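# Breakdown of the fold
Chain by chain, the residues run as shown.
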Amino acid sequence: MPYFIDVILPLPLQKRFTYTISEAEANFLEKGMRVAVPFGKSKVYTAITAAIHQNPPQVYEAKPINQILDKTPLVTKHQLKFWAWIASYYMCAEGDVLKAALPGAFLLESESIVQLTKDANIEEAELEDEEYLVIEALQRQSSVKIQEVMKILDKKNVLPIINALVQKGLVVLNQEIYEQYKPKKIRYVRLNPDYDNEVKMHQLLDELEKAPKQKEALLSFFSIKAQHKKPLKVKDLSDKSGVSAAIIKSLIKKGILEEYYEKTDRVAFSGEASQMGIQLSELQQKAFSEIEAGLQEQDVCLFHGITSSGKTEIYIKLIEKIIENGQQALYVLPEIALTTQLIERLRAYFGDKVLVYHSKYSVNERVEVYRHILEDSEKARIVIGARSSIFLPFANLGLVVIDEEHETSFKQFDPAPRYHARDAAIVLANFFKAKTVLGSATPSLESYFNAKHHKYAFVELNRRYGDVLEPEIEIVDIKTKYKKKEMKGHFSDKMLAEIKETLDGGEQVILFQNRRGFSPVLECNTCGHSPQCPNCDVSLTYHSHNNQLRCHYCGYHIAMQKKCMACDSSEVTTKGFGTEQIETELKTIFPDYKTARMDQDTTRGKYAYEKLINAFEQQEIDILIGTQMLTKGLDFRKVNLVGIMNADNLLNFPDFRAHERSFQLMLQVAGRAGRTKKRGKVLIQSYNPHHQIIQQVSMGDYAGMYKDQLEERYNYKYPPFYRLIRITLKCRDYSKTNDGADWLATGMKNVFKENVLGPEFPPVARIRNEYYKNILLKIPQQQSLGKTKELLQRIMESFKAIGAFRSVKVVINVDPI
Ligand code: ADP
Ligand code: ZN
Ligand code: ZN
């Protein structure tokens, strides 16, 4: 009897593929091992063994595999089960899931490109002959394709050789080489507290009569500190006083000035905590016990704790118990917040039991992390990662923490699998009979609904840690302010006064401006024309720093226009405002202070985001202006004022989640204020100060917001009452997009009746010269989800069979956000 295996290929195929294997191979192979297989005319892929059996395929003759690539399974049974669930629930191919789930280095294929690792330490004596030939080729040319390696070695089965070289760290695949980001340390000086009284100070100054330079340096120190209360860098002291670094050094040696590092202080602080153990406050302890009790009864607990209530410390305590039990814990958080901040806190507490899984890590690092987890090693007790970390090969998962569970970035948008990491993590945890904690200061409506309906356990914590008060939130009516001429640019007099007071006190300011659709566009005052992108249906936005008009969807750009392109009038103005304009205005109002922007433009470069955070932590920046990136759970100690420049453009976004989203964004950004002793302040500028959501934000009234929004969702048939599937058609041909969408919508309406909405063009209906059209399917609670998807799949198959629509791409998004 012949033997067969079904494999998952890293391709968007609807089915698994079957290959033949020998009896010896059948005896050796296990599910989850990699095999190299031929596919198509001449390609070779790495595939994952998903089943071993003796049933030949019906419609094609199975080809033999090229070879087995692993000695033990690389993919666990849980993972295979999980992938199958994701593919079925999110209606995509298992191959799509495979590609999202495994580090690229595990998936060598004939098209992969191999390069030498930078600074590779090549010990020729330790190389096998064939390995040596590959290395030698790479020393002559900078990169080779696997296909070329096959020619060089004159054989097909080369993947094991490349795999070995990757494992030895000598070659890398398809990748640039990433460097680790190390925040630079900055030296500060302060006065030794011993001299902090007048008598001592006078004595000291008398003593320094004999050292005039040192005295001068000290006097400069005082005069600088009198102007700015913020920490003083050694370098700034020497620049501003004109005294050499050597003189400052001698003051430090004498113990008059002290030198310190802001950065290491933070670590040392948490380091201390680890020696003493974290002492939960009484309220934290209560929440901790309630979560534990809740998880006895239920698999998921929603933890609603206000900003700065110390949720992280409670997670740490929960994790501690899990690892004492010998189990693994997974801590998932939105990508952007994967900063040094949280990692440092966890490492300080758990030492080298913490692994981080990060898309910015190099291939080799990701492979290493993967293997540690697969082997259930001592280093893999706790894994921190963004959404893709749910795909890691856990052996022994006991707890999943989803931090900031309301964040929409947990949902993958493109490419497939379009999964929601929070929802998928709950399923994953179930496979292990593990528990899940969802934490947020502003839970998603869906999770809160589940908690209120006793699907999840529910725990609240309504006090900030250390009796810090919640920030005081004040609303500024800018309609009136404009009328009374109390605005300067986009700033109310109130906002400017508060900024000044905060800066004078040596503290920092965060200003929030929503990015969405509100960057400035150019408009002609005569004919109303504004320059459009030729590839997308959007106006170009104005970027002052390079004097360009740019498209945010495709990157198309032209020089700023002085005259209207339609009517030649020179009466053109910019309308709307973005972060850049705010920064420009601020710089003229507060020229002595340092401002910086955090948005997509300024965080694009490698580690740009980390550098900004670090500079802000070290008070090298006084005012940080940013978009939603600012809201993500950051913990800055010196921010005392948060300003929301314009609440209205958030609220007016055409989406059923816009109000919930606005509430979450505003309350989260407000939560960055006053996280230490002093009470923080938040100012919200708005044209509609009486808007229900703004009122609810100002009172921190989550329950009120929930009640209102839930009613709307009920009335208009949206989640959590109905489930949604969005189907998007894309095509460069306008009429095919329309016809295809009509055909599909009609087919769906025959089956699902009035629960099909559209087809409709989205707000931006053309991107990179492709037209978009959406159809929305609403699924009532009593309707079977599995059945619905099956029917939808069938309609999809008929659609794909129509020749005229071959060029129309269809994207299915289950539970779209
Ligand atoms: P949240 O995640 O709820 O917004 P954090 O966990 O960031 O809040 O806590 C806010 C601040 O309070 C942090 O700086 C944290 O170190 C501190 N903190 C919270 N709980 C404790 C504790 N039990 N002991 C010491 N510091 C704590
Ligand atoms: Zn014009
Ligand atoms: Zn464009």
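Right, let's walk through the structure included here. Quantities reported herein were computed from a predicted structural model and do not represent experimental measurements. (Residues numbered from 1 in each chain as written. Chains lettered and ligands numbered in written order. Predicted model: local features only at pLDDT ≥ 70, side-chain atom pairs only at ≥ 80, totals over all residues. Heavy atoms only, no water.)

## Here we look at the site of ligand 1
Close contacts around ligand 1 come from 17 residues, with Gln 279, Ser 308, Thr 312, Glu 313 and Arg 637 the closest. Between ligand 1 and Gln 279, the relevant distance is 2.8 Å, taken from a nitrogen atom to a main-chain nitrogen or oxygen of the residue. One of the side-chain nitrogen or oxygen atoms of Gln 284 is found 2.9 Å away from a nitrogen atom of ligand 1. Computed on the free molecule, ligand 1 has an accessible area of 560 Å², of which 85% lies beneath the protein chains in the complex. (Near = heavy atom within 4 Å. Polar contact = N/O pair within 3.5 Å; in protein donor to acceptor, adjacent residues only side chain to side chain. Areas by Shrake-Rupley, 256 points an atom, 1.4 Å probe, with all protein chains shown as cover.)

## Comments concerning the nonpolar core
Counting residues in hydrophobic clusters, the biggest one holds 143 residues, and the most contacted among them are Trp 83, Leu 102, Ile 390, Ile 727 and Met 748. A per-element tally of this core places helix α16 (residues 421-431) first, with 8 residues. (Core = buried A, V, L, I, M, F, W, Y, C linked by side-chain atoms within 4.5 Å. Buried < 20%, exposed > 50% of the residue type's maximum accessible area, 1.4 Å probe, protein only. Helix = DSSP H or I, 4+ residues; strand = E, 2+ residues; numbered from the N terminus.)

## Description of the state of the cysteines
Going through the model one piece at a time under the given rule, you end up with 0 disulfides. Note on Cys 731: no disulfide assigned, nearest cysteine sulfur contributed by Cys 536 at a separation of 16 Å. With relative accessibility at 4%, the residue Cys 731 sits in the buried group. (Disulfide = S-S within 2.5 Å.)

## A look at the coordination of the zinc ion (ligand 3)
At the metal site, the zinc ion (ligand 3) is ligated by Cys 533 (SG), Cys 536 (SG), Cys 551 (SG) and Cys 554 (SG), and these contacts range over 2.2 to 2.4 Å. When the donors of the zinc ion (ligand 3) are listed by position in the chain, the intervening gaps give C-x2-C-x14-C-x2-C. Classification of Cys 536 by relative accessible area gives buried; the value is 1%. (Donors = N, O, S within 2.8 Å, 3.2 Å for Na, K, Ca; no water.)

## Considerations on empty space enclosed by the protein
This model, assessed by the stated rule, comprises 2 cavities of 30 Å³ or more. Empty space within the second largest cavity amounts to approximately 30 Å³. Sorting elements by how many residues they give to the lining of the second largest cavity places strand β24 (residues 521-524) first, with 3 residues. Residues that form the lining of the second largest cavity fall into these classes: 6 nonpolar, 2 polar and 2 charged. (1 Å grid on protein atoms, 1.4 Å probe; cavity = no way out; pocket = protein on both sides within 12 Å on 5 of 7 lines; lining within 4 Å. Points joined across faces, edges and corners; volume = space filled by probe spheres on them. Nonpolar A, V, L, I, M, F, W, Y, C, P; charged D, E, K, R; others polar.)

## Points about α16
Judged by how many residues are buried, α16 sits mostly within the fold: 9 of 11 residues are covered. Where α16 is concerned, the buried positions are Ala 421, Arg 422, Ala 424, Ala 425, Ile 426, Val 427, Leu 428, Ala 429 and Phe 431. Contacts made by the buried residues of α16 are with α2 (77-89), β13 (300-305), β17 (397-403), β18 (435-440) and α17 (445-452). Phi turns positive one or two residues past the end of α16, at Lys 433, with a value near 55°. (Contact = heavy atoms within 4.5 Å.)

## Structural notes on the environment of Ile 113
Tracing the sequence through the fold places Ile 113 in strand β7 (residues 113-116). With a relative accessible area of 35%, Ile 113 lands in the partly exposed category. Along the primary structure Ile 113 and Val 810 are separated by 697 residues, whereas in three dimensions their C-alpha atoms are 30 Å apart.

## Section: the packing of aromatic side chains
Per the counting criterion, the structure on display carries 30 aromatic pairs. Relative to Tyr 315, the ring of Phe 303 lies with its centre 6.3 Å away and its plane at 90°, an arrangement referred to as edge-to-face. Taken as a pair, Phe 303 in strand β13 and Tyr 315 in helix α13 (residues 311-324) lie far apart in primary sequence, 12 residues in all. Considered together, Phe 303 and Tyr 315 belong to a single accessibility category, that of buried residues. Arranged with centres 5.6 Å apart and planes meeting at 85°, the rings of Tyr 315 and Tyr 331 form a pair that is edge-to-face. On the criterion of sequence distance, the pair formed by Tyr 315 in helix α13 and Tyr 331 in strand β14 (residues 328-332) is long-range, its members being 16 residues apart. (Phe/Tyr/Trp six-rings, centres within 6.5 Å; stacked < 30°, edge-to-face > 60°.)

## Considering the coordination of the zinc ion (ligand 2)
Cys 524 (SG), Cys 527 (SG), Cys 564 (SG) and Cys 567 (SG) make up the full set of protein donors to the zinc ion (ligand 2), lying at 2.3 Å. The site at the zinc ion (ligand 2) holds 4 donor atoms, and with the angles between them running 106 to 112°, its shape is tetrahedral. Donor residues for the zinc ion (ligand 2) sit on one chain with the sequence pattern C-x2-C-x36-C-x2-C. One end of the pair, Cys 524, is in strand β24; the other, Cys 564, is in the loop between β27 (557-559) and β28 (572-575), with 40 residues separating them in the sequence. Each member of the pair, Cys 524 as well as Cys 564, carries the same accessibility label: buried. (Tetrahedral: all angles 85-135°; square planar, octahedral: opposite > 155°, others 65-115°.)

## Brief notes about the pattern of salt bridges
Any two side chains of opposite charge can pair, so long as their charged atoms come close to each other. As enumerated under the stated definition, the model contains 34 salt bridges in all. A salt bridge links Lys 233 to Glu 620, with the shortest nitrogen-to-oxygen separation between them at 3.8 Å. With Lys 233 in strand β11 (residues 232-233) and Glu 620 in the loop between α21 (608-617) and β30 (623-626), this pair connects stretches of sequence that are 387 residues apart. Owing to a relative accessible area of 21%, Glu 620 belongs among the partly exposed residues under this scheme. For Arg 657, the salt bridge identified is with Glu 446, shortest N-O distance 2.8 Å. Pair noted here: Arg 657 is in the loop between α22 (648-651) and α23 (658-670) and Glu 446 is in helix α17, with a separation of 211 residues, a long-range link. We note that Arg 657, like Glu 446, is buried. (Salt bridge = Lys/Arg side-chain N within 4 Å of Asp/Glu carboxyl O.)

## Remarks on α13
Over its 14 residues, α13 extends 20 Å from the first C-alpha to the last, a length consistent with the 20 Å expected when each residue adds 1.5 Å. Among the 14 residues of α13, 10 are classified as buried, and the element is accordingly described as predominantly covered. Buried residues of α13: Lys 311, Thr 312, Ile 314, Tyr 315, Ile 316, Lys 317, Leu 318, Ile 319, Ile 322 and Ile 323, and no others. (Expected span 1.5 Å × (residues − 1).)

## Comments concerning the side chain of Gln 284
Here Gln 284 lies in helix α12 (residues 282-297). If we skip the residues at most four places from it in the chain, Gln 284 touches Gln 279, Ser 309, Gly 310, Glu 313, Ile 314, Leu 461 and Tyr 465.

## Comments concerning the sheet that holds strand β2 (residues 17-21)
Taken together, the 6 strands give an open sheet; going across it, the order is β5-β2-β1-β4-β3-β6, and neighbouring strands pair in mixed fashion. Looking at the sheet topology across the chains shown, the edges are occupied by β5 (63-64) and β6 (67-68). (Pairing = 2+ DSSP bridges.)

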